[in-house]
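Remarks on the overall topology
One letter stands for each residue in the lines below.
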Amino acid sequence: MTNITLKTEWKKLENKSSPPQRARKVIEVNYEDFKNEIFNEKPDFVKKITESLYSGDFYILKGAYTEKFMKNLKEQTFSYFKNKPCEFHKMLEGCPDFHRKIDFEITKKYAVKMCKHSFYFYPWNSDPLKIFEPINKRWRVIKKLMGLEPNTFENNTPKDGVVDRIQVVQYPSKIGYFEPHTDPYKFQRLILSAFMSKKGVDFEGIGFYLLDSNNNIIEVEDQIDIGDIGIGYATVYHGVAPVNLSKEPNWNDMNDGRWFLSTYSNQSDKYQTRHTSAGKTDNIKINDNLRSRLIPPNAES
């Protein structure tokens, strides 16, 4: 009899049917309890969680990080890059940590439409903010959930083909957004985001959202606290709507807009054709009223 493991159940589900495209429901769980169930890997849990995620459910893991850690991450990231020029580097050997303001013009170079200030960190560099170990501690839990060894890819460099990357992101008020999209799933089955801002305190508006089978927005931010982690199958349509619509953006203000933490195992630029995110705005029917809530004015000009 075959042992029921996370790895075998994912393979079974993925061989049986196509991955989910739309979100089904949002489920809140305690991070520590969830972590223990993942590493216990009991058959009932394995079947339940893999089937749930593969059906489009999105999980909020409550209390994964402390609010203090997230506040320090925001402050230290902003301060570290404040006087460094915006740059872009492909994921090739020796790629440094860098930051880039992706505005309405620069986003035309990408496969997905967005507007954000991204700060990138790679494990082969000096880890100037000493963030990899506390973040990897949580990342390993989700890698285990995805059927991988917990430390998979941690020591890789671009020549190995797949690399871990930490991305800290600031979405500026009014213009910051990420169109409806899917994430690459071949090397990381699950979206893995951690939340650094609180709706009603740091920003007003939709922020992170999911789309269901009827193209309805599932708003998630009301359930989110700073330090929570969000996970869902990478092919589920999701995005980031602009916040603080009546406030002018300020790229130079650390407290402007909405912040979040992304951890992803990316295919490196060793390959000319990479498995990347895919914009889905053209695949869905969005009325003008809904579009105005999801896409900033002038973003598509």
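Predicted model only: the values in this text are computed from it and were never measured.

Our next topic: the pairing of strand β12 (residues 258-267). By the criterion of burial, β12 is predominantly enclosed, with 10 of the 10 residues buried. Here β12 shows a buried face lined by R258, F260, S262, Y264 and N266 and a second buried face lined by W259, L261, T263, S265 and Q267. Pairing of strand β5 (residues 162-171) with β12 involves 10 bridges; the strand directions are antiparallel. Its bridge partner being in β12, V163 is matched across the sheet by N266. Looking at chain direction, strand β7 (residues 190-195) and β12 are connected through three bridges and run antiparallel. The residue of β12 that forms the bridge with F195 is F260.

What follows is about the nonpolar core. If you look at the biggest cluster of nonpolar residues, it comprises 54 residues, and the most contacted ones within it are I231 and L261. With six residues, helix α5 (residues 132-145) is the single largest residue contributor to this core. Filtering out sequence-adjacent residues up to four positions away, I231 remains in contact with F34, L53, D57, F58, Y59, L61, I142, L145, L190, I191 and L192. The next biggest cluster of nonpolar side chains, apart from the first, holds 15 residues, and it includes C115, I217, I284 and A299.

Attention now goes to the side chain of K74. The residue K74 is located in helix α4 (residues 67-81) in this model. One buried charged side chain, K74, makes no salt bridge at all; its nearest oppositely charged neighbour is D202, positioned 5.1 Å away. When neighbours within four sequence positions are excluded, K74 is seen to be in contact with M196, M254, N255 and W259.

Let's shift gears to the environment of E93. Looking at the element boundaries, E93 is found in the loop between α4 and β3 (98-102). In the structure, E93 is positioned 22 residues away from K71 in sequence and 31 Å away in space, judged by C-alpha atoms. There is a polar contact of 2.8 Å between the side chain of E93 and the side chain of T157. Within the local environment of E93, its side chain forms a polar contact with the backbone nitrogen of K159, the two atoms lying 2.7 Å apart.

According to the stated counting rule, one finds 18 aromatic pairs in the structure shown. The interplanar angle of 85° and the centroid separation of 6.2 Å between the aromatic rings of F88 and F98 together place this pair among those described as edge-to-face. Placement of F88 in the loop between α4 and β3 and of F98 in strand β3 is noted, with a sequence separation of 10 residues between them. Using a relative accessible area of 45% as the deciding quantity, one classes F88 as partly exposed. Using a relative accessible area of 3% as the deciding quantity, one classes F98 as buried. For the ring pair F98 and Y120, a centre distance of 4.7 Å and an interplane angle of 35° mean the geometry is tilted. With F98 in strand β3 and Y120 in strand β4 (residues 114-121), this pair connects stretches of sequence that are 22 residues apart. Of the two residues, F98 and Y120, both sit in the buried class. By the ring-pair criterion, three or more aromatic residues cluster together here, those being F78, Y80, F81, F119, F121 and W259. Residue placement shows K84 over the ring face of Y80; its charged tip is 4.6 Å from the ring centre. Cation over ring: K143 sits above W139, and NZ or CZ is 4.7 Å from the ring centre.

Reading the values: the criteria
- Residues numbered from 1 in each chain as written.
- Predicted model: local features only at pLDDT ≥ 70, side-chain atom pairs only at ≥ 80, totals over all residues.
- Heavy atoms only, no water.
- Buried < 20%, exposed > 50% of the residue type's maximum accessible area, 1.4 Å probe, protein only.
- Helix = DSSP H or I, 4+ residues; strand = E, 2+ residues; numbered from the N terminus.
- Pairing = 2+ DSSP bridges.
- Core = buried A, V, L, I, M, F, W, Y, C linked by side-chain atoms within 4.5 Å.
- Contact = heavy atoms within 4.5 Å.
- Lys, Arg positive; Asp, Glu negative; His and termini not counted.
- Salt bridge = Lys/Arg side-chain N within 4 Å of Asp/Glu carboxyl O.
- Polar contact = N/O pair within 3.5 Å; in protein donor to acceptor, adjacent residues only side chain to side chain.
- Phe/Tyr/Trp six-rings, centres within 6.5 Å; stacked < 30°, edge-to-face > 60°.
- Lys NZ or Arg CZ within 6 Å of the ring centre and 35° of its normal.

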